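Chains, contacts and geometry: an overview
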Amino acid sequence: MDSNSNTVVVTGFGPFRQYLVNSSWEAVKELSKRGLGKNIDLHILQLPVVYQKAKEQVFTIWTTLQPLLTVHVGLASSAKAIIILEQCGKNKGYQEMDACGFHPEDGCCMLDGPEKIESTINMKTLWKNISVEGIDIIFSRDAGRYICDYTYYTSLYYGNGRAAFIHVPPLSKSVTADLLGKALQTIILEMLKQYGEERE
């Protein structure tokens, strides 16, 4: 499958539980105002906090838009004011119910899939290379076994590893949608540099 080398898709999630405003979607909307430069065709999409529907939409992204990279942004409700770069998605262990009271059969994402899939983006390198004013960034190898992790694994599976996942904190006085949008722009441009080096 040939990717559209200048298409980047960025997704956020809709409301869930007590989060009537999901900071991930607010951040993605801010990012879309800023863009990723004139060479990148940026598409944004809100995913529902529902396993099956999120999976279907991710499949559609990869089959129709065939992006160079898909970046999923999710809310880490436990996180203090930190942004978390997730390196890999896990296939099993999905026991928590989604917004529709459903969880995947056997707690598994893809019955024939590997235990985990790594992103082709080196998050550790990325983490060392960037800083964003006003917020700490950390590196992680465990995206939490909920819709976020499930979506990430699905995207890595369909996208042959050309997916990334970023966890953002809830909005607060110090963590504004604007700050998160700026942070996403910085992080994703740095991700694209890794692909640029790969192509040269």
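Our subject is the structure that appears above.
Worth saying up front: this structure is predicted, and the values here are computed from it rather than measured.

Some thoughts on the overall build of the chain
- Helix and strand content of the chain: five helices and eight strands.
- Sequence-ordered secondary structure for the chain, helices as α and strands as β, is β-α-β-α-β-β-β-β-α-β-α-β-α.
- Scaling as 2.2 N^0.38, a compact globule of 200 residues should have a C-alpha radius of gyration of about 16 Å, and the chain matches this with 15 Å.
- For the chain, the spread of C-alpha atoms along the three principal axes comes to 45 × 40 × 25 Å.
- Residue burial in the chain is summarised as follows: out of 200 residues, 54% are buried.
- In the chain, once contacts between residues fewer than 6 apart in sequence are set aside, the share between residues at least 24 apart is 82%.
- Of the roughly 9300 Å² of accessible surface on the chain, 50% is carried by carbon and sulfur atoms.
- In the chain, which carries 20 positive and 22 negative side-chain charges, the distance between the mean positions of the two groups comes to 4 Å.

Some remarks on the nonpolar core
- Among the nonpolar cores identified, the biggest contains 58 residues, and Val10, Val71, Ile83, Ile166, Ile187, Ile188 and Met191 are the most heavily contacted of them.
- Looking at this core element by element, the count peaks at nine residues for helix H5 (residues 177-199).
- Setting aside residues no more than four positions away along its own chain, isoleucine 166 makes contact with Val71, His72, Val73, Gly74, Ile83, Ile84, Leu85, Leu184, Ile187, Ile188 and Met191.

Looking at the side chain of threonine 151
- For threonine 151, the location among the structural elements is in helix H4 (residues 147-158).
- With near-sequence residues (within four places) excluded, threonine 151 lies in contact with Phe13, Leu47, Ala54, Val58 and His72.

Details of unusual backbone geometry
- Located in the positive-phi region is arginine 17, a residue other than glycine, with phi close to 45°.
- Within the secondary structure, arginine 17 is located in the loop between strand E1 (4-13) and helix H1 (23-34).
- Positioned with a positive phi, aspartate 106 is a non-glycine residue whose angle comes to about 60°.
- The residue aspartate 106 is located in the loop between strand E5 (88-90) and strand E6 (116-118) in this model.

Here we look at the packing of helix H2 (residues 51-65) against H4
- Interaxial distance between H2 and H4 falls to 9 Å at its minimum, and their mutual angle equals 30°. The orientation of H2 with respect to H4, classified from their angle, is roughly parallel. Once H2 is placed against H4, the crossing between them reads as right-handed. Counted together, Tyr51, Gln52, Ala54, Lys55, Val58, Phe59 and Trp62 of H2 and Ile147, Tyr150, Thr151, Thr154, Ser155 and Tyr158 of H4 form the full contact between these two elements.
- In terms of residue class, the contact of H2 with H4 is made up of eight nonpolar, four polar and one charged.

Quick look at H4
- Relative to the 16 Å expected for 12 residues at 1.5 Å per residue, H4 spans 16 Å between its end C-alpha atoms, a close match to the ideal helical length.
- Counting buried positions along H4 yields 10 of 12 residues, so the element is predominantly enclosed.
- Of all the positions in H4, only Ile147, Cys148, Asp149, Tyr150, Thr151, Tyr152, Tyr153, Thr154, Ser155 and Leu156 are classed as buried.
- Phi turns positive one or two residues past the end of H4, at asparagine 160, with a value near 50°.

Section: a nonpolar patch on the surface
- Among the surface-exposed residues, Leu20, Val21 and Leu171 lie close enough to one another that they form a single nonpolar patch of about 300 Å² accessible area.
- Topologically, leucine 171 is positioned in the loop between strand E8 (163-168) and H5.

Some remarks on the packing of aromatic side chains
- Within the structure shown, the criterion is met by 11 aromatic pairs.
- Three or more aromatic residues link up through ring pairs in this structure, and these residues are Phe16, Tyr19, Tyr51, Tyr94, Tyr146 and Tyr150.

What to know about the pattern of salt bridges
- In this structure the tally under the stated criterion is 10 salt bridges.
- With its nearest N and O atoms 2.9 Å apart, the salt bridge here joins glutamate 115 to lysine 92. Here glutamate 115 is found in the loop between E5 and E6, whereas its partner lysine 92 is found in the loop between E5 and E6, with 23 residues between them in sequence.
- The class for glutamate 115 is exposed, based on a relative accessible area of 53%.
- One salt-bridge network, held together by shared partners, links Lys116, Glu118 and Arg141.

Scoring rules and cut-offs
- Residue numbering note: each chain is counted from 1, following its sequence as written.
- This being a predicted model, a pLDDT of at least 70 is required before a residue's local features are given, and a value of 80 or more before pairs of side-chain atoms are given or counted; all residues contribute to the totals for chains, interfaces and linings.
- For side-chain calculations, the full set of non-hydrogen atoms in the structure is used, while hydrogens and water are omitted.
- Numbering goes from the N terminus for both helices and strands, where a helix is a DSSP run of H or I of at least four residues and a strand is a run of E of at least two.
- For the radius of gyration, the atoms used are the C-alpha atoms, and the globule rule reads 2.2 Å times the number of residues raised to 0.38.
- Exposure categories follow from relative accessible area, calculated using a 1.4 Å probe and restricted to protein chains: below 20% of the type maximum is buried, above 50% is exposed, and the middle band is partly exposed.
- The contact criterion used throughout is that any non-hydrogen atoms of two residues lie within 4.5 Å.
- Per-residue and other accessible areas follow the Shrake-Rupley method at a 1.4 Å probe size, with only the shown protein chains counted as cover for residues.
- Charged residues are defined here as Lys and Arg on the positive side and Asp and Glu on the negative side; His and the ends of the chain fall outside this count.
- Positions of charges follow a simple convention, taking NZ of Lys, CZ of Arg, CG of Asp or CD of Glu.
- As used in this record, nonpolar core signifies buried Ala, Val, Leu, Ile, Met, Phe, Trp, Tyr and Cys residues forming a set joined through side-chain atoms within 4.5 Å.
- Note on geometry: axes are lines fitted to C-alpha atoms, helical ones only across the stretch in contact, with angles between N-to-C directions running from 0 to 180 degrees.
- In what follows, roughly perpendicular refers to angles from 65 to 115 degrees, roughly parallel to angles under 35, roughly antiparallel to angles over 145, and oblique to any angle outside these ranges.
- Should the near helix be turned counterclockwise from the far one by less than a right angle, the crossing is left-handed, whereas a clockwise turn marks it as right-handed.
- Polar here means any residue outside two lists: the nonpolar Ala, Val, Leu, Ile, Met, Phe, Trp, Tyr, Cys and Pro, and the charged Asp, Glu, Lys and Arg; Gly therefore counts as polar.
- Here a helix's expected span is defined as the number of its residues, less one, multiplied by 1.5 Å.
- Grouping into patches uses exposed residues only, defined as over 30% relative accessible area, and leaves out salt-bridged ones; the cut-off is 9 Å for like charges and 5 Å for nonpolar side chains (Val, Leu, Ile, Met, Phe, Trp, Tyr).
- The salt bridge definition used is simple: a Lys or Arg side-chain nitrogen within 4 Å of an Asp or Glu carboxyl oxygen.
- Side-chain rings of Phe, Tyr and Trp (the six-membered ring for Trp) are treated as a pair once their centres are within 6.5 Å; stacked means planes under 30 degrees apart, edge-to-face means over 60, and tilted covers the remaining angles.

In short, geometric facts, not functional conclusions.
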